[in-house]
Amino acid sequence: MAGGLVALLDDVAVLARAAAASIDDIGAGAAKAGAKAAGVVVDDAAVTPQYVRSLAAERELPIIKRIALGSLRNKFFIILPAMLLLSQFVPWLLTPILMLGGAYLCYEGAEKVWAKIAHHDAHGAGEEKVQDETTLVSGAVRTDLILSAEIMVISLNEVINEAFWSRLAILAVVAVVITVMVYGVVALIVKMDDAGLRLSQRSGAVATFGRGLVRAMPVVLTVLTVVGTAAMLWVGGHILLLGTNELNLHFLYEAVHHVEVAAHDSTGALGGLVGWLVNTVASAILGLIVGALVVLVMTLTLHRRKSKPAAATAAATTRTDGTIPAQPSRAAQRRDDPADRAPRV
């Protein structure tokens, strides 16, 4: 009897150790997968606050909660089943799909760079249109679908060699952790100025700290935007670099790898850091080049087609009879000039 109890306890201990090891493996896999998606995560955190910028302060957190729930529905009911089926039955499609996602990241990053150079907002954030909450949440969830799909595909590519149930568990953990992290950070960002205003109404060092929070808000958003743009170009370029190598187009990967190894070998103790920087900069440059080409193609095709109806509408509203208004004569212009109507001395 005692021996049977000891054997049972031994079996329970073995199962517990196996479960703990499995949990450790899932945690390690989730951390590895999530790290590769860092660029998209930062961009998601930088883009989302614009959706609540025109709302009353008391509605900001409820709207962020609704967007976060929509993001979880995107991940668990649309993206995760599609990714698991894809990896199970047609895994060879993962690299091309991942490269398409990488090209989209490059496009987003290059568009942000162009928007900064051309002094306009790539996402249309300068428009202060007040939308109803349902429309606003729907638009934010649609945008999240694209970003979440990129995150999940990048994460899946890191654990593609795991068993089906391990992949499912790891991607589920990634989906929950990244959603909580992104929208938790967004909630902190959008409420930072409110917290600063409340603290600034007190006295002493607390008030000084509150005013500092309010002043820091634009800086935080700017830093997030810059870091997100750089990360998108780096991650997108690196995906394309690895993808071309997997598709047997080795020249780009081998050229970057050669420079990376040379930098690593020539810098001694700092070789690891310098080699990583070389690879990162090369990936970002590739991402910027590819993104700029996509921006150019989009500008010459899709954006131009969108601008033609607007131009036609503007032309039609200037004169309905199809004629060109005649220019006023110089005598009429002189009569209309306020200087000519003034009494002469």
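Scroll up to find the structure.
Not measured: the values here are computed from a predicted model.

### What about the overall build of the protein?
A tally of helices and strands in the protein yields 12 helices and 0 strands. Start at the N end of the protein and walk to the C end: the helices and strands fall as α-α-α-α-α-α-α-α-α-α-α-α. Sequence separation of 24 or more characterises 79% of the internal contacts of the protein that already satisfy a separation of 6 or more. As presented, the protein carries roughly 20700 Å² of accessible surface, and 68% of it is formed by carbon and sulfur atoms.

### Examining the packing of helix 4 (residues 94–118) against helix 5 (residues 133–158)
Relative to each other, helix 4 and helix 5 sit at 135 degrees, their axes nearing to 10 Å. In terms of axis orientation, helix 4 runs oblique to helix 5. Crossing of helix 4 over helix 5 shows left-handed handedness. For the pair helix 4 and helix 5, contact is made by Leu-94, Ile-97, Leu-98, Gly-101, Tyr-104 and Leu-105 and by Ile-146, Glu-150, Val-153, Ile-154, Leu-156 and Asn-157, respectively. Looking at the contact of helix 4 with helix 5 residue by residue, the classes come out as 9 nonpolar, 2 polar and 1 charged.

### Let's talk about helix 8 (residues 251–266)
An α-helix turns once every 3.6 residues. As a result, residues three or four positions apart point the same way. With 16 residues, helix 8 ought to run about 22 Å at 1.5 Å a step, and its terminal C-alpha atoms sit 23 Å apart, in line with that. Immediately beyond the C-terminal end of helix 8, within one or two residues, lies Gly-268, with a positive phi of roughly 60 degrees.

### A closer look at the packing of helix 7 (residues 205–246) against helix 8
Close contact between helix 7 and helix 8 brings their axes to 7 Å; oriented N to C, the two are set at 120 degrees. On the basis of the axis angle, helix 7 is oblique to helix 8. Residues Leu-241, Leu-242 and Asn-245 of helix 7 form the contact with helix 8, whose own contacting residues are Leu-252, Tyr-253 and Val-256.

How each quantity is defined
Per chain, the residues get numbers from 1 upward, laid out in the order the sequence is written. Given that the model is predicted, a residue must reach a pLDDT of at least 70 before its local features are reported, and side-chain atom pairs must reach 80 or more before they are shown or counted; all residues, however, enter totals for whole chains, interfaces and linings. The side-chain values count all of the structure's non-hydrogen atoms but skip hydrogen atoms and water molecules. Secondary structure elements follow DSSP: runs of H or I no shorter than four residues count as helices, runs of E no shorter than two count as strands, and numbering proceeds from the N terminus. Contacts are residue-level and defined by heavy atoms, with any inter-residue pair within 4.5 Å sufficient. Using a 1.4 Å probe, the Shrake-Rupley method yields the accessible areas, and only the shown protein chains count as cover for residues. An axis is simply a line fitted to the C-alpha atoms; with a helix, the fit covers only the stretch in contact. Between two such axes, the angle follows the N-to-C directions and lies from 0 to 180 degrees. Any angle between 65 and 115 degrees counts as roughly perpendicular, while under 35 counts as roughly parallel, over 145 as roughly antiparallel, and the rest as oblique. Should the near helix be turned counterclockwise from the far one by less than a right angle, the crossing is left-handed, whereas a clockwise turn marks it as right-handed. Three categories are distinguished: nonpolar for Ala, Val, Leu, Ile, Met, Phe, Trp, Tyr, Cys and Pro, charged for Asp, Glu, Lys and Arg, and polar for the others, with Gly belonging to the last. Expected helix span is computed as 1.5 Å times (number of residues minus one).

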